[in-house]
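Take a look at the letters that make up each chain.
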2 protein chains.
Amino acid sequence: MEKRVGAQSVKFNDPPYLVSSASIVGKMEDEGKLRGKYDVVLEDDTWGEKSWEHAERKMFEQTVRLTLNKCGLKTGDVDCLLGGDLLNQLVSANYAARELQTPFIGMYGACSVMAESLLVASMLVDGGFVSTAACVAGSHFSTAERQFRMPLELGNQVQPTAQRTVTGVGCAILCAQPLTNGLSLYQNIRAVGGTLGRVLDYGITDVSNMGAAMAPAAADTIATHLTDWGRTPSDYDLIVTGDLGRFGVQMLHELLAERGVDLTGRHLDCGMTVFAPEQDVQCGASGCGCSAIVLSAHLLGKLEAGDYRRILFVATGALMSPATNMQGDTIPCIAHGVILERSAT
Amino acid sequence: MEKRVGAQSVKFNDPPYLVSSASIVGKMEDEGKLRGKYDVVLEDDTWGEKSWEHAERKMFEQTVRLTLNKCGLKTGDVDCLLGGDLLNQLVSANYAARELQTPFIGMYGACSVMAESLLVASMLVDGGFVSTAACVAGSHFSTAERQFRMPLELGNQVQPTAQRTVTGVGCAILCAQPLTNGLSLYQNIRAVGGTLGRVLDYGITDVSNMGAAMAPAAADTIATHLTDWGRTPSDYDLIVTGDLGRFGVQMLHELLAERGVDLTGRHLDCGMTVFAPEQDVQCGASGCGCSAIVLSAHLLGKLEAGDYRRILFVATGALMSPATNMQGDTIPCIAHGVILERSAT
């Protein structure tokens, strides 16, 4: 069976099973819309470590361990760990991979990394190169702010277009075969295909307006996906975007309308799903962890329960850099998509 | 046929063809041991751009275009671009991918990225998900120094253990089938398998001693590879490491000797292959571009000519970060390996 579909998409012959997921989040994330759904909630965002960066890498490592524990697997069962974070040189992922001692493929796609990892891991599993893969992505509000914007100690005011970086890590385990140990969290969820994204740039330079920067990349990947697969939004119970936020979502719908695609009633943006309106986070949530925790703590359970039968998970990344921003460059963005289906039982 | 080999290795059923390569380097690189072998040599390291960062991304984009041109392909023929660089947020790769408009998978493994990209791309091609993949890695001395160490304007003295980051980008094209246009640079080179690396850390904190930090990761990947495949170094005409430099090479040989592996007479370190001794670069060359240009400009030609029949290409990455270094962390490292063979004709 042909595994290439259209210009940018792939279809799996023997779709990998998504058998487990877990999430660890900050206190404020658990006070939002998905309260009570996360596995571990930090009391404070240093988690007993001497720096936020150390807390972030601990979250990263512990989320992978927890996801494995939940389905009765050990780190030694993982053939490959794929993932990344927002910090320079992917330090959270690298230091976690050092502790986990699994083979590791470091990926950078900013906030698109959960979909990027799931898509590449699915190809490696379906291709027969890897039996069990762990996909992980995370971010931390306090490390991201000081790296990308301003030291928190300055107490800067937040712009109305800004989104708040999620303090959270989400992980999912893909397997070539269903688990036989009876401990699989999900019995019926499979990754059946996806679409690789291209880098797009609509000329946005405002690092506090990520949603507007990312919307064109999300629109391009969704429209390309539908064309490649010969589908319409009605073929999906839900099309999920990573962290476009309020303005980004509006732009996405306008851009897709221009291409004859109507997402009405079938779209969920993870950036609008983490924090509640009364939490005063302007346009919503963002960060690698945003789509990763919403997938891990919320969407997979809904799929397994049969509330959704098929979703398209499109995580979106603003590939911004403080260095190039200061050199006057605009913000390029990318989005990758993965189809997750509940198989009929 | 089983595609998993041992603990960390893979073997391809239908090994991808490596059909073209190209390199663009700085002036000083062309004054070294491989003088005259590179495709394009910059007159000065800004290449007419307003910043070194802009020059680096131009090199990145132009190397991909050149590699495609050399074998009669266009950017539209590329199903997936894989690669990365050393700059925060992979800006060189991202901005190049924006211009090239090919689907893009951003990878971060510091100087291991050429092997990481080749290995993942080979799996995607062998798995049938992608027909043509471009793998690219690059670095720039002047952008790396100011990001990782000190502003060049300070005129700091260099430490004796230091290596000089290569200003150079190398690219290679992998195809599922041989080219039928008669323009293939290489007729006989195939990627037949490889080994995924783990993150190791021997406690080095000195950012001017990358070779010592990376040697344990290289030793681990090489030893694991040989065990997984049931081979000895004599099964290879050459085992290539990325950029260990003089001290790193010495450490590698000692670490492998402890594991009963003797590389004598079969080892080439790209870090010792770029600059000539009289160029006064202390322990040698480093950077993502180092192994990428030596592979593209030198090793592939030797393979095609039949000087080598089988090589193991192991690129090594020091996953160091100025931020975590200042927080007292040691430098974790990783190495991935790919087997390149000249098929009998």
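Before reading on, note that the structure itself is shown above.
Note that the structure is predicted; figures quoted are calculated from it, not measured.

**Student:** Please set out the overall build of chain A residue by residue, giving values where relevant.
**Tutor:** The helix and strand tally for chain A stands at 9 helices and 15 strands. Taking 20 Å as the expected radius of gyration for a compact globule of 345 residues, we find that chain A reaches 18 Å, a close match to that expectation. Projected onto its principal axes, the C-alpha positions of chain A cover 55 × 50 × 35 Å. Counted over contacts in chain A with a minimum sequence separation of 6, partners at least 24 positions apart contribute 78%. Total accessible area computed for chain A in this model is approximately 11000 Å², and 48% of it derives from carbon and sulfur atoms.

**Student:** Describe the packing of helix 2 (residues 52-70) of chain A against helix 5 (residues 141-148) of chain A, listing the residues and the values that go with them.
**Tutor:** Between two packed helices, the angle of one axis relative to the other and the distance separating the axes together describe the packing. All names here are of chain A. Packing of helix 2 against helix 5 leaves a shortest axis separation of 8 Å and a crossing angle of 130°. Put simply, helix 2 runs oblique to helix 5. Classified by chirality, the crossing of helix 5 by helix 2 is left-handed. Contacts between helix 2 and helix 5 involve Trp52, Glu53 and Glu56 on the former and, on the latter, Ser142, Thr143 and Arg146. Of the residues in the contact of helix 2 with helix 5, the class split is 1 nonpolar, 2 polar and 3 charged.

**Student:** Requested: an account of the packing of aromatic side chains, with residues and values cited.
**Tutor:** Within the structure shown, the criterion is met by 2 aromatic pairs over all chains. Ring centres of Phe12 of chain A and Phe129 of chain B lie 5.8 Å apart, and the angle between their planes is 80°; on these two criteria the pair is classed as edge-to-face. Pair noted here: Phe12 of chain A is in the loop between strand 2 (9-11) and strand 3 (17-25) and Phe129 of chain B is in the loop between helix 4 (113-126) and strand 7 (132-139), and the two residues belong to different chains. Both residues of the pair, Phe12 of chain A and Phe129 of chain B, count as buried. Against the face of Tyr236 of chain A rests Arg310 of chain A, its NZ or CZ located 5.8 Å from the ring centre.

**Student:** Break down the relation of the copies chain B and chain A for me, citing the residues and quoting the values.
**Tutor:** Relative to chain A, chain B is turned by 180° and slid 0.0 Å along the rotation axis, the superposed coordinates differing by an RMSD of 0.0 Å. Between the two chains, the operation in question is that of a two-fold axis. Comparing contact sets, 100% of the residues at the interface of chain B also lie at the interface in chain A, consistent with an isologous, same-surface contact.

**Student:** Can you break down helix 2 of chain A residue by residue, with the values?
**Tutor:** With 19 residues, helix 2 of chain A extends 26 Å between its outermost C-alpha atoms, agreeing within 8% with the 27 Å of an ideal straight helix rising 1.5 Å per residue. A positive backbone phi angle near 75° is found at Gly72 of chain A, which sits one or two residues after helix 2 of chain A.

**Student:** Now, about the pattern of salt bridges: what can you tell me, with residues and values included?
**Tutor:** Scanning all chains against the criterion turns up 28 salt bridges over all chains. Here Arg259 of chain A makes a salt bridge to Asp220 of chain A, at a shortest N to O gap of 3.4 Å. Here Arg259 of chain A, found in the loop between helix 7 (245-258) and strand 12 (267-269), pairs with Asp220 of chain A, found in helix 6 (residues 210-229); they are 39 residues apart in sequence, far enough to count as distant. Overlapping salt bridges bring together Arg98 and Glu99 of chain A together with Asp201 of chain B as one network.

**Student:** Lay out the nonpolar core with the relevant residues and their values.
**Tutor:** Leu299 of chain A together with Leu299 of chain B are the most contacted members of the largest nonpolar core, which has 246 residues in total. Not counting the four nearest positions on each side in its chain, Leu299 of chain B is found in contact with Leu238, Val240, Leu268, Val294, Tyr308, Ile311 and Phe313 of chain B.

**Student:** Break down helix 5 (residues 141-148) of chain B for me, citing the residues and quoting the values.
**Tutor:** Residue and element names in this part refer to chain B. The element helix 5 is largely enclosed, with a buried count of 7 among its 8 residues. Taken as a whole, helix 5 has its buried residues at Phe141, Ser142, Thr143, Ala144, Glu145, Gln147 and Phe148. Looking at the buried residues of helix 5, the elements they touch are helix 2 (52-70), strand 7, strand 8 (164-165) and helix 9 (322-326).

**Student:** So what's going on with the interface of chain B and chain A? Residues and values would help.
**Tutor:** If you look at the interface, chain B gives 60 residues, while chain A gives 60 residues. Note on chain B versus chain A: buried area summed over both sides is about 4700 Å², and carbon and sulfur give 56% of it. Contact with chain A buries surface across chain B, with Gln89, Phe129 and Gln327 of chain B losing the most and accounting together for 17% of the total. Where chain B packs against chain A, one counts 6 salt bridges. When the shortest N-O distance is used, the salt bridge between Asp79 of chain B and Arg4 of chain A registers 3.2 Å. The tally of links between chain B and chain A comes to 40 residue pairs in polar contact (both at pLDDT 80 or more).

**Student:** Describe the side chain of Thr165 of chain A, listing the residues and the values that go with them.
**Tutor:** Along the chain, the position of Thr165 of chain A falls in strand 8 (residues 164-165). The residues touching Thr165 of chain A, leaving out its near neighbours within four places in the chain, are Glu29, Leu86, Ser139, His140, Phe141, Ala144, Glu145, Arg149, Ser286 and Gly287 of chain A.

So, how was this worked out
- Residues numbered from 1 in each chain as written.
- Chains lettered and ligands numbered in written order.
- Predicted model: local features only at pLDDT ≥ 70, side-chain atom pairs only at ≥ 80, totals over all residues.
- Heavy atoms only, no water.
- Helix = DSSP H or I, 4+ residues; strand = E, 2+ residues; numbered from the N terminus.
- Rg over C-alpha atoms; globule rule 2.2 N^0.38 Å.
- Contact = heavy atoms within 4.5 Å.
- Areas by Shrake-Rupley, 256 points an atom, 1.4 Å probe, with all protein chains shown as cover.
- Axes fitted to C-alpha atoms, helices over the stretch in contact; angles between N-to-C directions.
- Parallel < 35°, antiparallel > 145°, perpendicular 65-115°, else oblique.
- Left-handed = near helix turned anticlockwise from the far one by under 90°.
- Nonpolar A, V, L, I, M, F, W, Y, C, P; charged D, E, K, R; others polar.
- Phe/Tyr/Trp six-rings, centres within 6.5 Å; stacked < 30°, edge-to-face > 60°.
- Buried < 20%, exposed > 50% of the residue type's maximum accessible area, 1.4 Å probe, protein only.
- Lys NZ or Arg CZ within 6 Å of the ring centre and 35° of its normal.
- Least-squares fit on C-alpha atoms with pLDDT ≥ 70 in both.
- Expected span 1.5 Å × (residues − 1).
- Salt bridge = Lys/Arg side-chain N within 4 Å of Asp/Glu carboxyl O.
- Core = buried A, V, L, I, M, F, W, Y, C linked by side-chain atoms within 4.5 Å.
- Buried area = accessible area lost by both parts, 1.4 Å probe.
- Polar contact = N/O pair within 3.5 Å; in protein donor to acceptor, adjacent residues only side chain to side chain.

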